[in-house]
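Survey of secondary and tertiary structure
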Amino acid sequence: AFGVIADIQFADAEDGHDFGGSRRRYYRHSLCLLRKAVRAWADDSPPIDFVLQLGDSIDGLNARRGEAESALQQVLAALGQLPVPVHHAWGNHDLYNFSRARLVESGLRSRPAGGSDGPPDRDCQAYHFSPAARLRFVVLDAYDLSTLGRDPGSPRYQESLRLLREKNPNDDLNSPAGLKEPQFVAFNGGFSQAQLDWFDEVLKFSDENQEKVVVTAHVPIHPDASDRVCVAWNYEAALSVIHSHRCVVCVLAGHQHDGGYYLDSHGVHHLTLEGVIETPPESNAFGTIYVYEDKMILKGRGRTAGRVMHF
């Protein structure tokens with residue numbers, strides 16, 4: 001059993017709205033909802049083994065207010081009350097607040113510092129772990145290709161900017177207006193070929209060892225589990241890797257705050273978790289997933305709660 005939560009986006013600020021101005025964001029209360037989730041997980045029976053925090057732990061608003069460090073510490077303190085490990089994915093809001101180099105030194109780094117659980121490129125924060133026999137989790141770095149959090153002079157930044165401008169001619173690179181491939185906006189990111197090659201090798205190992213694999217990333221990798229904008233730049237390449245193996249049973253993501261679900265043609269469940277940041281104070285958005293030999297069951301609060309995923 002493990003806990004899941006996405007898009008906390010905490011800021012010590014009055015309520016605001018999303019970039020479109022239509023969705024209310026409960027900046028300060030998101031920390032209260034996180035603490036409620038931690039207390040609920042502490043009372044779960046059977047006890048959970050770990051928590052997946054699917055990215056955007058704090059809001060980009062903190063960077064403009066000079067409060068990024070204090071906001072992050074408050075979120076990490078709340079998660080630190082758990083007696084089990086917390087595995088983090090990096091989201092765009094984390095990268096609005098911190099460079100990738102700073103995140104590597106922060107409590108949001110989950111890839112083992114000296115291990116061989118990730119790609120040879122130590123800058124890529126993808127990794128995998130096995131919490132039980134014949135079960136493996138792969139945490140992908142959905143901003144491996146991105147202009148966020150990188151030095152503008154770096155090769156990876158230049159590569160990402162070229163790709164983004166090639167696909168998005170808009171003056172505002174966060175705007176999908178008129179795009180044939182609307183996912184090519186700056187608040188999304190993608191997977192380098194090196195990460196995809198590593199991912200393929202991990203899944204090959206899991207195939208050979210008859211493992212079930214759960215893939216996680218901040219950004220969804222199937223448009224039918226999200227909207228056509230909030231998916232990874234090269235989601236089709238990631239899906240191609242997944243579909244070339246038989247071991248993947250589920251993909252968990254955040255980023256798209258409404259949440260979503262889709263069972264694809266290869267039998268892979270794609271579950272997008274609702275965002276805490278836009279959850280009204282009288283409600284909640286987190287869950288516990290129970291893993292069995294032939295299924296996973298999501299229990300908790302939120303629109304996707306109660307989902308049974310057979311495999």
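About the thresholds
Residues numbered from 1 in each chain as written. Predicted model: local features only at pLDDT ≥ 70, side-chain atom pairs only at ≥ 80, totals over all residues. Heavy atoms only, no water. Helix = DSSP H or I, 4+ residues; strand = E, 2+ residues; numbered from the N terminus. Rg over C-alpha atoms; globule rule 2.2 N^0.38 Å. Buried < 20%, exposed > 50% of the residue type's maximum accessible area, 1.4 Å probe, protein only. Contact = heavy atoms within 4.5 Å. Lys, Arg positive; Asp, Glu negative; His and termini not counted. Charge placed at Lys NZ, Arg CZ, Asp CG, Glu CD. Salt bridge = Lys/Arg side-chain N within 4 Å of Asp/Glu carboxyl O. Phe/Tyr/Trp six-rings, centres within 6.5 Å; stacked < 30°, edge-to-face > 60°. Axes fitted to C-alpha atoms, helices over the stretch in contact; angles between N-to-C directions. Parallel < 35°, antiparallel > 145°, perpendicular 65-115°, else oblique. Left-handed = near helix turned anticlockwise from the far one by under 90°. Pairing = 2+ DSSP bridges. Expected span 1.5 Å × (residues − 1). Arc of directions from axis to C-beta.

Observations concerning the overall build of the protein chain
- Within the protein chain, the regular secondary structure consists of eight helices and 14 strands.
- Its C-alpha radius of gyration of 18 Å places the protein chain within 12% of the 19 Å reference for a compact globule of 311 residues.
- Viewed in the frame of its principal axes, the protein chain has a C-alpha envelope of about 50 × 40 × 40 Å.
- Sorting the 311 residues of the protein chain into buried and exposed places 58% on the buried side.
- Considering only contacts in the protein chain between residues 6 or more positions apart, those separated by 24 or more positions represent 63%.
- One finds the centroid of the 31 positive side-chain charges in the protein chain at a distance of 2 Å from the centroid of its 41 negative side-chain charges.

Digging into the pattern of salt bridges
- What the rule picks out here adds up to 20 salt bridges.
- Of the charged contacts, one joins D59 and R25 as a salt bridge, the two residues approaching to 3.9 Å between their closest N and O atoms. With a gap of 34 residues between them, D59 in the loop between β4 (50-53) and α2 (61-65) and R25 in strand β3 (residues 24-25) connect regions that are remote in the sequence. Of the two residues, D59 and R25, neither departs from the other in class, the shared state being buried.
- With a shortest N-O distance of 3.8 Å, R150 and D144 are connected by a salt bridge. Both residues of the pair, R150 and D144, belong to the buried class.
- Linked through salt bridges whose partners overlap, the residues forming this network are R100, D121, D123, D141, D144, R150, R156 and E159.

Notes on the packing of aromatic side chains
- Under the definition given, this model contains eight aromatic pairs.
- Where W41 meets F286, the ring centres are 5.7 Å apart and the plane angle is 85°; that geometry is what we call edge-to-face. Taken together, the residues W41 in helix α1 (residues 29-43) and F286 in strand β12 (residues 286-291) connect sequence positions 245 residues apart. Accessibility assignment for this pair places W41 and F286 in one class, buried.

What to know about the packing of helix α7 (residues 193-208) against helix α8 (residues 235-243)
- Across the interface, α7 lies against α8 with an axial gap of 9 Å and an inter-helix angle of 20°. Regarding the angle of α7 to α8, the classification is roughly parallel. Crossing geometry of α7 relative to α8 is assigned as right-handed. Along the contact surface, α7 presents L196, F199, D200 and L203, while α8 presents A237, A238, V241 and I242.

Considerations on unusual backbone geometry
- A cis amide bond links S45 with the next residue in sequence, P46, at an omega value of 0°.
- By the secondary structure assignment, P46 is in the loop between α1 and β4.
- The phi dihedral of D7 is positive, around 55°, even though this residue is not glycine.
- With respect to the helices and strands, the residue D7 is situated in the loop between β1 (2-5) and β2 (16-17).

Here we look at the sheet that holds strand β7 (residues 135-139)
- Spatial ordering of the open sheet is given by β6-β7-β8-β9-β11-β10, a layout of six strands whose pairing is mixed. Each having just a single partner strand, β6 (127-132) and β10 (260-263) make up the two edges of the open sheet. The average undirected angle you get between the axes of adjacent strands in this sheet is 15°.
- Across four bridges, β6 lies against β7 in antiparallel orientation. Bridge pairing in β7 places H128 opposite V138.
- Against the sheet, α7 makes contact with β6, β7, β8 (212-216) and β9 (248-253), and its axis sits at roughly 175° relative to β7, the strand it touches most.

Some thoughts on helix α6 (residues 155-167)
- In this model, α6 (13 residues) spans 19 Å end to end at C-alpha, consistent with the 18 Å of a helix rising 1.5 Å per residue.
- Every buried residue of α6 is accounted for by R156, Y157, S160, L161 and L164. Projected onto a plane normal to the axis of α6, the buried residues spread over an arc of 130° and lie on a single side. Exposed side chains of α6 directed beyond 90 degrees from the buried face belong to P155, R162 and E166.

Some remarks on α8
- Among the residues of α8, those classed as buried are Y235, A238, L239, V241 and I242. On an axial view of α8, the arc spanned by its buried residues comes to 155°, and they lie on one face.
- The elements touched by buried residues of α8 are α7, β9 and β11 (269-272).

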